[in-house]
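Take a look at the letters that make up each chain.
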Amino acid sequence: MTSNHFLDQPRIWYGGDYNPEQWPEEVWREDVRLMQAAGVNLVSLGIFSWAWLEPQPGQYDFGWLDRILDLLHAHGVHACLATATASPPPWLAHRHPESLPVTADGVTLWPGGRQAYCLHSEAYMQHASALVTLLAARYKEHPALAAWHINNEYGCHVSECFCDVSAAAFRTWLQARYGTLDALNHAWGTAFWSQRYGQWAEINPPRRAPTFANPTQQLDWRRFSSDSLIALHDMEVEILRRFTPQTPVTTNFMGFFKPADYRKWAHHEDTVSLDTYPDPSDSFAAAQNAAQCDLSRSLGDGKPWMLMEQTPSAVNWRPRNVLKQPGQMRLWSMQAVARGANTVMFFQWRAAKAGAEKFHGALVPHVGVENSRVWREVSALGNELQELGPLAQSRVVADVGILVDWQSWWALEQDSKPSTAVTFYDRLATFYGPLYAANLTTDFVFTDSDFANYKLLVIPNLYLVDDATAARLEAYVAAGGTAVIGFFSGIVDENEHIRLGGYPAPFRKLLGLRVEEFAPMAEGESNTVRFDDGATAACDLWADVIDLEGATALAAFTGNFFAGQPAVTEHAFGQGRAYYIGTRLAAEAMGALLGRICHAAGVMPPVSAPPGVEVVRRRTAEGRDLWFVLNHRPELATVTLLV
Ligand code: GLA
């Protein structure tokens, strides 16, 4: 790994996507003047400029990029220089129709939008590599170059391809994973429904089938497609590192984006970047934004990360695109800084005149900068951030880790489950929401993280777990940690085979219980639980029928044939404690329960603050605490520090 040198400076960087190819050069001069006025010092340059850089195959035009880079540099603006490979020019598909992506139904996705390439297309890879090589060679010493922006939102429109070339690549990937057909047949459980394979050539992607496709085939397809996205990224990284080993590389992630295993991916880049577009009309938007920020910090194990894109005002791609209210752009930007971002950036600098995104918000709106609320707000923020440079060298403090795992997410949300209403986002929000509301800052942790950094590990759902992770969780609690585990965890192994021996087999000892049956609830159905202090709470979605084997019940169901049996349990294990929640509790009860568990684990809210006031702490290397107090309410609020 190279050093993230520009993010290690005492500076919060400010700027956004800049697409000068959409404008005549006289506009560029106004752009750089306005950038200076707004405190902009970093732009993501040329993300969609491939057709401009290589108008016809092998005919390149870098003159305009030379000129704009020099102009930016002369005005103190650095570049997160794009490799421009996100959207191939029309000539690629015209010459190589086989480079187009194909859906599970066999439908070809044509050019005319963006990202129209198959993840395994040789033609795409050859042309993209050639372009990246020329860019790296040409700009490797340019003084404006701060970082490389690789491609753009990999997989955002095309995260998998079902064409014949991709099918062959899938077979190669499977051969590397399993070695023999016997091993594959075992892993895929092909004794079921006459699915046994006799030759590799018989294996296909999970294209549209008459009914449920083989679950392990589906899971391997997700692993393979995620690996394919990472491989395209690595192809570019390998070229860039040859020319500029000291320049950080990053690609913009989309937060909790299901198709790509971002934890695996983050190990392949220097800096994590986030594009975040919470819907201002959603009452959970602030919590969602906080979670995306926490994920971005955690993917890089706490290193500074880049807020790469957000809108200053509205997006254009929802059916109804509600504006951020005055002050909300600043508030959500500060939320990112509070949670570890060392850049605040936007899509995009200047609002487009044409094209599909012409109604997307921008720092320079269509109306211009005179008498523009948006411009007033963004230029005020840019100048304000210039004062906050020293913040950049502090790190976020978190005592609680929330375990998330892409493999388990993929497996959980495949078809033919006890309840398809049990989803990753729902499970995550059920646990993250109350912790966020209580101002208990959480890191996300992954199966390869060091659990010992946390007083409390929260595991909203870990449907799929391998032996090593199960053993590490057990060891963490045995050594004195506290874990809280949500229902339908520890159910299958990495092949999506049931772990026999009573659910959840790998956690039974740790939790001191056995789940005999799952009782998923119908839509609209609910039950009630009674806690040990007499309090009652509604619950829905799911109930586990639990037998205690050493654990204590903290709450029991009151209805259905399992009335009186445990719904929430606690178990002392080794030096630590493990809790289990076998249903979905109403939000308030969930908050109270998590508060109780946190208290027992020695995790205390650092403040007393009314709902809607968010407090986050960053700590300097010298141990000084910097408090961010963010008021999401319209009225003034009083906050009391408790530490
Ligand atoms: C994404 C893309 C940008 C732009 C914005 C619009 O984040 O990376 O190119 O399309 O969405 O919100």
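1. Section: the pattern of salt bridges
Then comes step 1: On inspection of all chains with the given rule, the structure shows 38 salt bridges.
Then comes step 2: One salt bridge connects Arg-67 with Glu-25, and the closest N-O pair in it is separated by 2.7 Å. One end of the pair, Arg-67, is in helix H4 (residues 63-74); the other, Glu-25, is in helix H2 (residues 25-38), and 42 residues separate them in sequence.
Then comes step 3: Linking Asp-443 and Arg-297 is a salt bridge whose minimum nitrogen-to-oxygen distance equals 2.8 Å. Residue Asp-443 is located in strand S12 (residues 442-445), and its partner Arg-297 is located in helix H11 (residues 285-299); the two are separated by 146 residues in the primary sequence. In terms of burial, Asp-443 and Arg-297 fall into one category: buried.
Then comes step 4: Linked by salt bridges that have partners in common, Asp-294, Arg-297, Arg-339, Asp-443 and Glu-614 make up one network.

2. Description of empty space enclosed by the protein
Then comes step 1: Scanning all chains against the criterion turns up 6 cavities of 30 Å³ or more.
Then comes step 2: Approximately 90 Å³ is the volume found for the largest cavity.
Then comes step 3: Lining the largest cavity are Leu-403, Val-404, Asp-405, Ser-408, Trp-409, Leu-412, Phe-424, Arg-427, Leu-428, Pro-460 and Asn-461.
Then comes step 4: Of all the secondary-structure elements, those providing two or more residues to the lining of the largest cavity are helix H14 (406-412) and helix H15 (424-437).
Then comes step 5: The class makeup of the residues in the lining of the largest cavity is 7 nonpolar, 2 polar and 2 charged.
Then comes step 6: Taken as a whole, the second largest cavity holds about 50 Å³ of empty space.
Then comes step 7: The wall of the second largest cavity is formed by Ser-159, Glu-160, Arg-222, Ser-225 and Pro-259.

Calculation notes
- Every chain is numbered on its own, with residues counted from 1 as its sequence reads.
- In keeping with the model being predicted, local features are shown solely for residues with a pLDDT of at least 70 and side-chain atom pairs are shown and tallied solely at 80 or more, while totals for entire chains, interfaces and linings include all residues.
- Just so you know, side-chain values use all the structure's heavy atoms and leave hydrogens and water out.
- Just to be clear on terms, a salt bridge is a Lys or Arg side-chain nitrogen sitting within 4 Å of an Asp or Glu carboxyl oxygen.
- Working definition: helices are DSSP H or I runs of at least four residues, strands are E runs of at least two. Numbering for both runs from the N terminus.
- Burial classes follow relative accessibility: with a 1.4 Å probe on protein chains only, a residue under 20% of its type's maximum area counts as buried, one over 50% as exposed, and anything between as partly exposed.
- The pocket and cavity definitions rest on a 1 Å grid over protein atoms only: a 1.4 Å probe that fits but cannot leave marks a cavity, an open set with protein on both sides within 12 Å along at least five of seven lines marks a pocket, and residues lining either have an atom within 4 Å of a point.
- Grid points are joined across faces, edges and corners, and a volume is the space filled by probe spheres set on the points.
- Gly is put with the polar residues, along with every residue not named as nonpolar or charged; the nonpolar set is Ala, Val, Leu, Ile, Met, Phe, Trp, Tyr, Cys and Pro, and the charged set is Asp, Glu, Lys and Arg.

Everything listed here is a matter of geometry and, on its own, says nothing about what the molecule does.
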